[in-house]
Amino acid sequence: MPRPFKEPKLVIASHNPGKVREIGDLLSPFGVEVVSAGDLGLPEPVEDGLTFIANAEIKARTAALASNLPALADDSGLAVDDLGGEPGIYSARWAGPAKDFGIAMKKAEQALENKNNRSAHFACALTLCWPDGHMESFEGHVQGTMVWPPRGDKGFGYDPTFMATGHHITFAEMDPAAKHAISHRAEAFRKLVDACFDPVS
Ligand code: IMP
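Just so you know, these numbers come straight off a predicted model, no measurement behind them. (Residues numbered from 1 in each chain as written. Predicted model: local features only at pLDDT ≥ 70, side-chain atom pairs only at ≥ 80, totals over all residues. Heavy atoms only, no water.)

Chemist: Help me understand the environment of Ala56, please; the structure alone is not making it clear to me.
Modeler: Position of Ala56 relative to the elements: it lies in helix H3 (residues 52-67). Distance in space between the C-alpha atoms of Ala56 and Ser14 is 9.9 Å, their sequence separation being 42 residues. Here Ala56 is in contact with Ala73, Asp74, Asp75, Ala125 and Thr127, once residues within four sequence places are set aside. (Helix = DSSP H or I, 4+ residues; strand = E, 2+ residues; numbered from the N terminus. Contact = heavy atoms within 4.5 Å.)

Chemist: In this structure, what is going on with the site of the ligand? I would like to understand it.
Modeler: In the neighbourhood of the ligand, 19 residues make up the surrounding shell, with Lys19, Ser76, Phe101, Asp159 and Lys179 lying closest. In the environment of the ligand, an oxygen atom lies 3.3 Å from a nitrogen or oxygen atom belonging to the side chain of Glu47. Within the backbone of Ser76, one N or O atom sits 3.0 Å away from an oxygen atom of the ligand. In isolation the ligand offers 490 Å² of accessible surface; the protein chains occlude 94% of this area. Going through the elements one at a time, strand E3 (71-80) and helix H6 (184-196) are the ones with two or more residues in the shell around the ligand. At 4 residues, E3 tops the list of elements feeding residues into the shell around the ligand. (Near = heavy atom within 4 Å. Polar contact = N/O pair within 3.5 Å; in protein donor to acceptor, adjacent residues only side chain to side chain. Areas by Shrake-Rupley, 256 points an atom, 1.4 Å probe, with all protein chains shown as cover.)

These values are about where atoms sit, not about what they do.
Laid out in structure tokens, this is it:
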């Protein structure tokens, strides 16, 4: 049985403003006060796990133990089929120290040159960790295609170069609510809510 979440306050264990905003939006119906790891000045752990879930667990655990509050971490990324799932867990690193996703998207495009299959998916692992170390983890995905050139300015990361299956605009051209309805993060979040949060009345 997953542990129910009953606490009034939660740390979003991320220093990425795009993710903090999206997770904050997703949590807003549940009346939980949220604060980010960045706001609390918590340390950023080394993400040396080999899966999205392993890295989400490292981040959630570090934040929960350092803050003595429950913490929710997201580890996510883009996996391109014909690149053997790259950039995958290294999605952030492809953008380099300047976190320049123009560079990361160009790198993916160059690697895709001469490939016929542009299929890709975003994956998101969410881990909720309590200060006693108990963890619950969930994963979500969204399938799509890599587009070039990048389009749109509403999202973050690789959004301008990703078009979800069945759509004709990129994630960065979608209104945030439309992205939230279908995204990898939304699917992982639905699983988390079903397992750990009381139904919203
Ligand atoms: P990490 O989970 O902090 O290691 O970083 C994952 C990276 O994957 C982010 O910095 C983004 O570049 C990328 N990523 C994850 N989710 C999304 C998304 O919803 N849109 C665009 N890029 C994403």
